[in-house]
Amino acid sequence: MSESSSREYTFGSLVTAMVTPFNEKGDVDYEVAGKLALKLVEDGCDGLVVTGTTGETSTLLDEENLGMFRAVVDAVGGRAKVIAGSTTNDTRHSIRLSQEAAKLGVDGLLVTAPYYNKPSQAGVQAHIEAIANAVDLPVMVYDIPGRAGIRIETETLYRLAEHPRIVALKDAKADYQETTRVLANTDLDVYSGDDSLTLPLMAAGAVGLVSVSAHVATAQYRALVDAMHAGDLATARRLHFELDPVQRAVMTHIQGAVASKLILKWQSVLPNSVVRLPLVEPSDAEIALIRADLEEAGWNLEV
């Protein structure tokens, strides 16, 4: 792990999947988005996914996606990698939006497995390769069967890894054995897509994580990733335990974007916690569960 700490990864090693801030009317607040991006980078992120799942991309218009890419590139371009969540389950639409994102100066693309359609593995491969062929940017493949309805099989990932622009994998399938096979048999930079699995996946060779919880605990995640790269397992284990209740607060009671916005509002980072339907803000009971987890972590936020 100590050798890898000196590498400069294509997408960084601590990547936050950013929320998309809205104003009280439900319109995208690009000014706040830029300020949030800058804070995340100043606190330790070296990469940001913009309008991924946590960015509520499925409820954004194309012009809103592009506006977010522009706002984040303007805020942190050159200081951190900006990764566009510019793909959907429609290959042609994904190509068009990704090409427009490239014109705005993003550093790479997050390409999801095509959800809802349930294509064959040949279709999954063709979809991802078509996007990679059409846009001259490095690609991070996103394997998240819980949302896509399908997984990207390990053998498919082997074939995708042969493409010169497909350089990374965000792994959110929680299958340690299959991820181990990818790590052992490809040159992909693998990122944990599950906050709670950062330590074990990095122990097997993952380069870092793409995180939701890092919105609210950026410095701790930076320290965890750096400790793993330095081979300091004792420090990494301590941070893993410290972060466990935070991860539960963000990821286990309600959808991650909803919880992140709520906690960011409590931290006075966001002015509100507005989300777009079909997401709704948390109930009193859900808020109580989130607060209890944060109190377990030793956080006493004024709310």
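Residues numbered from 1 in each chain as written. Predicted model: local features only at pLDDT ≥ 70, side-chain atom pairs only at ≥ 80, totals over all residues. Heavy atoms only, no water.

Points about empty space enclosed by the protein
Over the atoms a probe the size of a water molecule is rolled, and this reveals where empty space is left. Counting across every chain of the model gives one cavity of 30 Å³ or more. If you add up the space inside the largest cavity, you get close to 50 Å³. Looking at the largest cavity, the residues that line it are Pro21, Phe22, Asp29, Val32, Lys261, Leu270, Pro271, Asn272, Ser273 and Val274. A per-class count over the lining of the largest cavity returns six nonpolar, two polar and two charged. (1 Å grid on protein atoms, 1.4 Å probe; cavity = no way out; pocket = protein on both sides within 12 Å on 5 of 7 lines; lining within 4 Å. Points joined across faces, edges and corners; volume = space filled by probe spheres on them. Nonpolar A, V, L, I, M, F, W, Y, C, P; charged D, E, K, R; others polar.)

Observations regarding the UniProt feature "site: Part of a proton relay during catalysis" (unreviewed entry) in the protein
Within this structure's numbering, the places UniProt gives as "site: Part of a proton relay during catalysis" (unreviewed entry) are Thr53 and Tyr116. In terms of the greatest pairwise C-alpha distance, the residues named above, spread along 64 residues, form a tight cluster of at most 14.5 Å across. Of the annotated residues named above, the ones that line the largest pocket are Thr53 and Tyr116. Topologically, Thr53 is positioned in the loop between strand 2 (47-50) and helix 2 (62-76). A relative accessible area of 27% places Thr53 in the partly exposed class. (UniProt positions renumbered as here; feature names shortened; annotations may be inferred. Helix = DSSP H or I, 4+ residues; strand = E, 2+ residues; numbered from the N terminus. Buried < 20%, exposed > 50% of the residue type's maximum accessible area, 1.4 Å probe, protein only.)

Focus: the pairing of strand 2
Judged by which residues are buried, strand 2 turns out to be covered on both faces: Gly47 and Val49 on one side and Leu48 and Val50 on the other are all buried. With three bridges joining them, strand 1 (residues 14-17) and strand 2 adopt parallel strand pairing. Bridge assignment links Thr16 to a residue of strand 2, and that residue is Leu48. Note on the crossover from strand 1 through helix 1 (residues 30-42) to strand 2: the handedness is right-handed. Where strand 2 meets strand 3 (residues 81-84), four bridges bridge the pair, whose relative direction is parallel. Following the sheet pairing, Val49 is matched in strand 3 by Ile83. A crossover connection joins strand 2 to the parallel strand 3 through helix 2; in handedness this β-α-β unit is right-handed. (Pairing = 2+ DSSP bridges. Right-handed = clockwise from strand over helix to strand, strands pointing away.)

Re the confidence of the model for the protein
Per-chain confidence: the protein averages 96 in pLDDT, with 97% of residues scoring 70 or above. Confidence drops under a pLDDT of 50 for residues 1-6, and excluding neighbours within four residues, the segment shows nine contacts in the predicted structure. (pLDDT = per-residue confidence, 0-100. Contact = heavy atoms within 4.5 Å.)

A look at the UniProt feature "binding site: pyruvate" (unreviewed entry) in the protein
Taking the numbering used here, the UniProt-annotated feature "binding site: pyruvate" (unreviewed entry) corresponds to Thr54 and Val210. In summary, the annotated positions, though distributed over 157 residues, converge in three dimensions, the widest C-alpha pair being only 11.0 Å. Put simply, the named residues that line the second largest pocket are Thr54 and Val210. Along the polypeptide, Thr54 turns up in the loop between strand 2 and helix 2. Leaving out residues up to four positions away in the same chain, Thr54 has contacts with Ala17, Met18, Val19, Thr20, Val212, His215 and Ala257.

Quick look at the pattern of salt bridges
Oppositely charged side chains can form a pair if their charged atoms are brought close together. Throughout the structure, instances matching the rule amount to 18 salt bridges. When the shortest N-O distance is used, the salt bridge between Lys35 and Glu31 registers 3.4 Å. In this pair, Lys35 and Glu31 both sit in helix 1, four residues apart, roughly one turn of the helix. The burial state of Lys35 is the same as that of Glu31; both residues are exposed. Note that Asp244 and Arg248 form a salt bridge whose closest N and O atoms lie 3.0 Å from each other. (Salt bridge = Lys/Arg side-chain N within 4 Å of Asp/Glu carboxyl O.)

Structural notes on helix 12 (residues 284-296)
Between the first and last C-alpha of helix 12 there are 18 Å, a value that for 13 residues agrees with the 18 Å anticipated at 1.5 Å per step. Turning to helix 12, its buried residues number three or more, namely Ile290, Asp293 and Leu294. For helix 12, the angular spread of the buried residues around the axis is 100°, confining them to a single face. Structural note: helix 12 exposes Asp284, Ala285 and Glu296 on the side pointing more than 90 degrees away from its buried face. (Expected span 1.5 Å × (residues − 1). Arc of directions from axis to C-beta.)

Notes on the pairing of strand 5 (residues 139-143)
The element strand 5 is largely enclosed, with a buried count of five among its five residues. Going residue by residue along strand 5, you find Val139, Val141 and Asp143 tucked away on one face and Met140 and Tyr142 tucked away on the opposite face as well. Two strands pair when backbone bridges link them, and strand 4 (residues 108-112) and strand 5 are joined in this way by four bridges, in the parallel orientation. Bridged to Leu109 within strand 5 is Val139.

Things to note about the side chain of Asp29
Locating Asp29 in the fold gives a position in the loop between strand 1 and helix 1. Lys35 provides the closest opposite charge to the buried, salt-bridge-free Asp29, at an N-O distance of 7.6 Å. At 3.4 Å, the side chain of Asp29 forms a polar contact with the backbone nitrogen of Glu31. There is a polar contact of 3.1 Å between the side chain of Asp29 and the backbone nitrogen of Val32. (Lys, Arg positive; Asp, Glu negative; His and termini not counted. Polar contact = N/O pair within 3.5 Å; in protein donor to acceptor, adjacent residues only side chain to side chain.)

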